[in-house]
Amino acid sequence: MILVSLKLWQFRNYVDREFEFSEDVNVIYGYNGQGKTNLLEAISYLCVTKSFRTNSDAEAIPFHSNFFKISGRFHFDQGIRKEVVVRFVQGEGKRIFLDGSRVTSAADLVGIFPVVILTPEHEAITYGGPAERRRFLDFILSQTDKFYLNAVQKYRRVLRQRNKILAEAQERRFGFQERIAPWNRELFELGNQITEKRQKFLAEFQRVFRPIFQELTLKQEDITITYAPSFAPKFREWGRFESELEKIQNIEILRGTTLLGPHRDEITFLNNGWDLRKFGSRGQHRTAVIALKIAEFFYVYKTRDERPIFLLDDVYTEIDKVREKNLTDYFTQLGQIFLTTSDVDLKIDSGLEKERKISYYSIDNPRGLPRTEKELEK
């Protein structure tokens, strides 16, 4: 899949801007504050309906405006062409259109336009808390498995309702068992579905990830992924699970939160047998994340039979020359690439130009005066 063109209206510091891209490597360069990351963020909106920087759509609206709009035209590997429009208006919310028809649920779009995103903040996957690693799993699986995406969305609703009942029980216990019982059953069923999906995914993903990591480290290091699900095997039976909930019921009420389920899973990376999070160097963390993202590309490509777009935000400033070359060597195997850099003199390894076209885009984007949506569409 390739993004052929992109139009931005009132998005971050873009007032009215249009781009046409190469199907190969697109290098977006310019000084800090010009809007390089904003451009990648806009592509993220088109592919997965949301930003990789913030949970608030309103943050992408410039000052003195009340909306933003993004549109993009895509060509797929199978010859299909599609256009996506994402429009957000303050006070009205977000609307998404696919080939002119409104998409009723953002989840319906996820997975149609596969994307891999690598930013300096993604190092948190290996050195951050468990939530960062669960988020990494969820992002890949949501793009490749609609059943998983649906189960996760339902599970989050169950958690919200169950946690609400637990918090209310701190003040009033009457009728507690009757109110929480149906949510316990759903927690059990959905939790097991998610756990099984994650276990299967990690087993398959590790076979892609490990050779890439070994290659990036010149065969000097090996890495394995271990999965510690909150749902231990003994909790796969309803009776045992229900018994465990009874044991921890008072603690859950005291804390007002659910203490058992895949939202408490942990994933550990072992580098040559050592916990990467605890003992890994900064360089080892960076190498692991680069390997994870390259593996993500190949996993999604194999699963979807569609090459994802690869977004790399300012990664070259965070890695040394050896890792830079190792990453660039993989560019020949990837699909369409968007790479941002504040190094205006950056030139990609000349050897790559023999196999792929490299296009350079200078971003010099002073903030303009905002206009209304009607004025922009004239």
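Here, every reference points to the structure presented above.
Residue numbers here run from 1 along each chain, matching the order of that chain's written sequence. Thresholds applied to this predicted model are a pLDDT of at least 70 for local features of residues and 80 or more for the giving and counting of side-chain atom pairs; totals over whole chains, interfaces and linings are not thresholded and use all residues. Side-chain metrics in this entry use all non-hydrogen atoms of the structure; hydrogen atoms and water are not considered.

1. What to know about the environment of Ala 291
- Helix and strand definitions follow DSSP, with helices as H or I runs of at least four residues and strands as E runs of at least two, each counted in order from the N terminus. Within the secondary structure, Ala 291 sits in helix α8 (residues 282-304).
- For Ala 291 and Ser 22, which are 269 residues apart along the polypeptide, the C-alpha to C-alpha distance reads 25 Å.
- Excluding residues that lie within four positions of it along the chain, Ala 291 makes contacts with Phe 209, Ile 212, Phe 213 and Leu 216. Pairs of residues are marked as contacts when any of their non-hydrogen atoms sit within 4.5 Å.

2. Quick word on helix α1 (residues 36-48)
- A helix is expected to span 1.5 Å multiplied by its residue count minus one. Its 13 residues give α1 an end-to-end C-alpha distance of 19 Å, which sits within 8% of 18 Å, the value for a rise of 1.5 Å per residue.
- Exposure is judged per residue with a 1.4 Å probe applied to protein chains only, and the accessible area is read against the type maximum: over 50% gives exposed, under 20% gives buried, and values in between give partly exposed. In terms of burial, α1 is a largely internal element, 12 of the 13 residues being buried.
- The set of residues buried in α1 consists of Lys 36, Asn 38, Leu 39, Leu 40, Glu 41, Ala 42, Ile 43, Ser 44, Tyr 45, Leu 46, Cys 47 and Val 48.
- Downstream of α1 by a residue or two, Thr 49 has a phi angle that is positive, lying close to 70°.

3. What to know about helix α9 (residues 321-329)
- Burial in α9 covers these residues: Glu 324, Asn 326, Leu 327 and Thr 328.
- Buried-residue contacts for α9 involve α5 (176-216), α8 and β12 (309-313).

4. Some remarks on empty space enclosed by the protein
- The distinction between a cavity and a pocket rests on a 1 Å grid over the protein atoms alone: a 1.4 Å probe fits inside a cavity but cannot get out, while a pocket stays open yet meets protein on both sides within 12 Å along at least five of seven lines, and a residue with an atom within 4 Å of a point counts as lining. Grid points are joined across faces, edges and corners, and a volume is the space filled by probe spheres set on the points. Going through the model one piece at a time under the given rule, you end up with 3 cavities of 30 Å³ or more.
- Within this model, the largest cavity holds a volume of roughly 90 Å³.
- If you go around the largest cavity, you meet 10 residues; those closest to its centre are Leu 118, Glu 123, Ile 290, Val 315 and Ile 319.
- With 3 residues, the top contributor of residues to the lining of the largest cavity is α8.

5. Digging into the pairing of strand β1 (residues 2-11)
- Extensive coverage of β1 is indicated by the burial of 9 of its 10 residues.
- Across 7 bridges, β1 lies against strand β4 (residues 67-75) in antiparallel orientation. Paired with Leu 8 across the two strands is Ile 70, which belongs to β4.
- Where β1 lies against strand β2 (residues 14-20), 6 bridges are found, and the strand directions are antiparallel. Across the sheet, residue Leu 6 finds its bridge partner in β2, namely Phe 19.
- Once β1 ends, the chain turns through 2 residues before running back antiparallel as β2, passing Arg 12 with a positive phi of about 55°. Two strands are said to pair when DSSP picks up at least two bridges between them.

6. Topic: the packing of aromatic side chains
- Stacked, tilted and edge-to-face are the three classes assigned to paired rings of Phe, Tyr and Trp, where Trp is represented by its six-membered ring and a pair needs centres within 6.5 Å; plane angles under 30 degrees give stacked, over 60 edge-to-face, the rest tilted. If you walk through the whole model with that rule in mind, you get 26 aromatic pairs.
- Within the aromatic cluster, the residues linked to one another by ring pairs are Phe 136, Phe 201, Phe 205, Phe 209, Phe 213, Phe 269 and Tyr 299.
- Only when the NZ atom of a Lys or the CZ atom of an Arg is both within 6 Å of the ring centre and within 35 degrees of the ring normal do we say a charge sits over the ring. A cation over an aromatic ring shows up here: Lys 69 above the ring of Trp 9, its NZ or CZ 4.9 Å from the ring centre.
- Here Arg 185 stacks its cationic end above the ring of Trp 238, 4.5 Å away from the centre of that ring.

7. Some points on the environment of Asn 38
- Within the secondary structure, Asn 38 sits in helix α1.
- For Asn 38, a relative accessible area of 11% gives the class buried.
- Sequence separation between Asn 38 and Arg 12 is 26 residues, and the spatial gap between their C-alpha atoms is 6.7 Å.
- Apart from the residues within four sequence positions on either side, Asn 38 is in contact with Phe 11, Arg 12, Asn 13, Tyr 14 and Arg 53.
- Reaching out from Asn 38, the side chain makes a polar contact with the side chain of Arg 53 at a distance of 2.5 Å. Residues adjacent in sequence count toward polar contacts only when both atoms are side-chain atoms; beyond that, a polar contact is any pair of N or O atoms within 3.5 Å, and within protein one must be able to donate a hydrogen and the other to accept it.

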